[in-house]
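Letter by letter, the chains look like this.
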Amino acid sequence: MSVIETAADLRQLAEQSNAWPFEEARKIVARLKKQPKKEVIFETGYGPSGLPHIGTFGEVARTTMVRHAFRVLTDDKVKTRLIAFSDDMDGLRKVPDNVPNKEMLEQYLGKPLTEVPDPFGTHPSFGEHNNARLRTFLDHFGFEYEFMSSTECYKSGRFDQALLKLLARFDEVMAIMLPSLREERAATYSPFLPVSPKTGIVLQVPVTAHDAKAGTITYEDPDTKKQVVTPVTGGRCKLQWKPDWAMRWVALGVDYEMAGKDLIDSVKLSGEICRALGGVAPEGFNYELFLDEKGQKISKSKGNGLTIEEWLRYASPESLSLFMYREPKAAKRLYFDVIPRHVDEYYQFLGGFERQDPRQQLSNPVWHIHSGKPPKIDMPISFGMLLTLVSSSNAENAEMLWGFIGRYRPGVTPKTHPKLNELVGYAIHYFRDFVLPEKKFREPTDTERAALIDLRDALSQLNPDAGAEDIQNVVYEVGRREPFLDQKKKAKDGKPGVSLDWFNLLYQVLLGQEKGPRFGSFVAVYGLQNTIDMIDGALARSA
């Protein structure tokens, strides 16, 4: 493997890399050439109307990858900031399905999320509770970011100048927004939403007049029907979300922000408003949405799909980062069954990194997951293998699993391989929650019984210390019979191939599961005598 010796060498390779973070970062480099500036602002947005979900994390993780790629392309000579922005001044439109004390929340509909009591009782407001949940998770991953609250920005006056600019261009903004609205909504639409001084509710009311010089709008009080004049500054108004998005880009000088595919039209409209305010819309791309096990879009309010905490109960943070890195513009199911594959593939990418040349390394997901410095980790047993070991032995504790591992790989212990020890814990959790409830052993046919008996006898003839390859050869040899022959495949020695039906039989009858690791490797870890006993047990069950 050749080595990248200088930052210039790294930059040259990055300029040619087709890894998507570099492709995105090159867009920002081109932007700077047109409009030079000393600091580049990356932003991610969060709507805290429901509990944080993995999609929120995905946006921060992906943006962080682009940010690092940009730093490489610019030799880290341009200052960068990543703002994690919370729209916590939005009015509570409906009560989420997955929170306690729903009846209590009903009476606060319409109020800013930071003025709604926390149904969990742990924070001053619902908005602050959900913000804290988001920050805790981002901190757990070690992201470098700056948290920013919409409420704080509006009330502190940080947005005042941009709000006054939008008020001065009120008619231009209306001309952009009205064609996108239904006729009924267009009749009462205003980019400014006054906050009622009496009720604290974010009012959806028509604006009857606006005065750019005075910095005020006039609206009709929905209760008294009287005309009310209010400043647009100091948190006494907030903007509808598309004008709000554009105003924020201008106020904060945002250069890069990605968004979900469902927001393509919104990005376009907000970009037009941004330009009407004299700004330049940020670079970015529209990523595909995550789907639950039924193929439905994941929703914060519904709480469908995986939660942040759930993924971390069953797998490492790095495996989640790999999920986010891969194919960001393709729709993907985000459910429990995707976890084992991403755990193992993360370690496969990590294991292959040292054998790659620098150009290949920049396309390896772990380079982007670890900001160019992937760790060196020896993972002697796969997560899939651990799951099968737990399943076959019904292991209820880590000590039992480590007994198998220690016999298979002498000298490998929880102390020498702490990451493997983490996987052991994840495997036990995953088995208890997902594998065990679905475990179903099917009975073998007469033909399959005969094959299992022959496999049992063949394994019993092997040396107790036989390796995985020798065991796998025996498994293949026993499987070379009807109905398991695959004449289209040929083994290295020219013998007929063996169909997947043979291995599916082993998994379904012996392990009570649909899939599994390479069977010879499993037997080597689990033990020949344990496997023989397993076959005897399966034959006895179906006798």
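Before reading further, recall that the structure is shown in the block above.
Now for a quick tour of the structure. Treat the numbers as computed from the prediction; the structure is a model and nothing was measured.

This brings us to the overall build of the protein chain. Tallying secondary structure elements over the protein chain gives 24 helices and 15 strands in all. Dimensions of the protein chain along its principal axes, counting C-alpha atoms only, are 95 × 60 × 45 Å. Counting only contacts in the protein chain whose residues sit at least 6 apart along the sequence, the fraction spanning at least 24 positions is 66%. Of the roughly 25,200 Å² of accessible surface on the protein chain, 49% is carried by carbon and sulfur atoms. Each charge sign in the protein chain was given a centre, from 71 positive and 73 negative side chains, and these centres are 3 Å apart.

Counted according to the given criterion, the structure contains zero disulfides. Between C153, a cysteine without a disulfide, and C274, which holds the nearest cysteine sulfur, the sulfur-to-sulfur distance is 16 Å. Of the cysteine sulfurs around C237, a residue in no disulfide, the closest is that of C153, at 16 Å.

A separate point is the packing of aromatic side chains. Aromatic ring pairs: the centre-centre distance and the angle between the two ring planes describe each pair. One pass over the structure, following the stated rule, counts 28 aromatic pairs. With 5.9 Å between their ring centres and 85° between their planes, Y314 and F336 make a pair best called edge-to-face. Pair noted here: Y314 is in helix α12 (residues 308-314) and F336 is in the loop between β13 (332-333) and α14 (339-353), with a separation of 22 residues, a long-range link. One exposure class covers both Y314 and F336, and it is buried. Three or more aromatic residues link up through ring pairs in this structure, and these residues are Y314, Y335, F336, F383, Y430 and F434.

What follows covers unusual backbone geometry. The omega angle of the peptide bond from E482 to P483 is 10°, so this bond is cis rather than trans. Relative to the assigned elements, P483 resides in the loop between α21 (468-479) and β14 (485-490).

Strand-to-strand pairing in sheets goes through backbone hydrogen bonds, with the strands running parallel or antiparallel. Strands sit in the order β5-β6-β7 across an open sheet of three strands; the sheet is antiparallel. In this open sheet, the two edge strands, each paired with only one partner strand, are β5 (207-211) and β7 (227-231). The sheet shows a mean angle of 20° between the axes of neighbouring strands, direction not considered.

The next thing to look at is the nonpolar core. Grouped together as the largest cluster of nonpolar side chains are 115 residues, with contacts concentrated most on W311, W502 and L510. The element that contributes the greatest number of residues to this core is helix α3 (residues 54-73), accounting for ten residues. When sequence neighbours within four positions are dropped, the list of residues in contact with W502 reads A451, L455, V475, V478, G479 and F484. Within the second largest apolar cluster, 41 residues are counted, among which are F85, M89, M247 and L277.

How each quantity is defined
Residues numbered from 1 in each chain as written. Predicted model: local features only at pLDDT ≥ 70, side-chain atom pairs only at ≥ 80, totals over all residues. Heavy atoms only, no water. Helix = DSSP H or I, 4+ residues; strand = E, 2+ residues; numbered from the N terminus. Contact = heavy atoms within 4.5 Å. Areas by Shrake-Rupley, 256 points an atom, 1.4 Å probe, with all protein chains shown as cover. Lys, Arg positive; Asp, Glu negative; His and termini not counted. Charge placed at Lys NZ, Arg CZ, Asp CG, Glu CD. Disulfide = S-S within 2.5 Å. Phe/Tyr/Trp six-rings, centres within 6.5 Å; stacked < 30°, edge-to-face > 60°. Buried < 20%, exposed > 50% of the residue type's maximum accessible area, 1.4 Å probe, protein only. Pairing = 2+ DSSP bridges. Axes fitted to C-alpha atoms, helices over the stretch in contact; angles between N-to-C directions. Core = buried A, V, L, I, M, F, W, Y, C linked by side-chain atoms within 4.5 Å.

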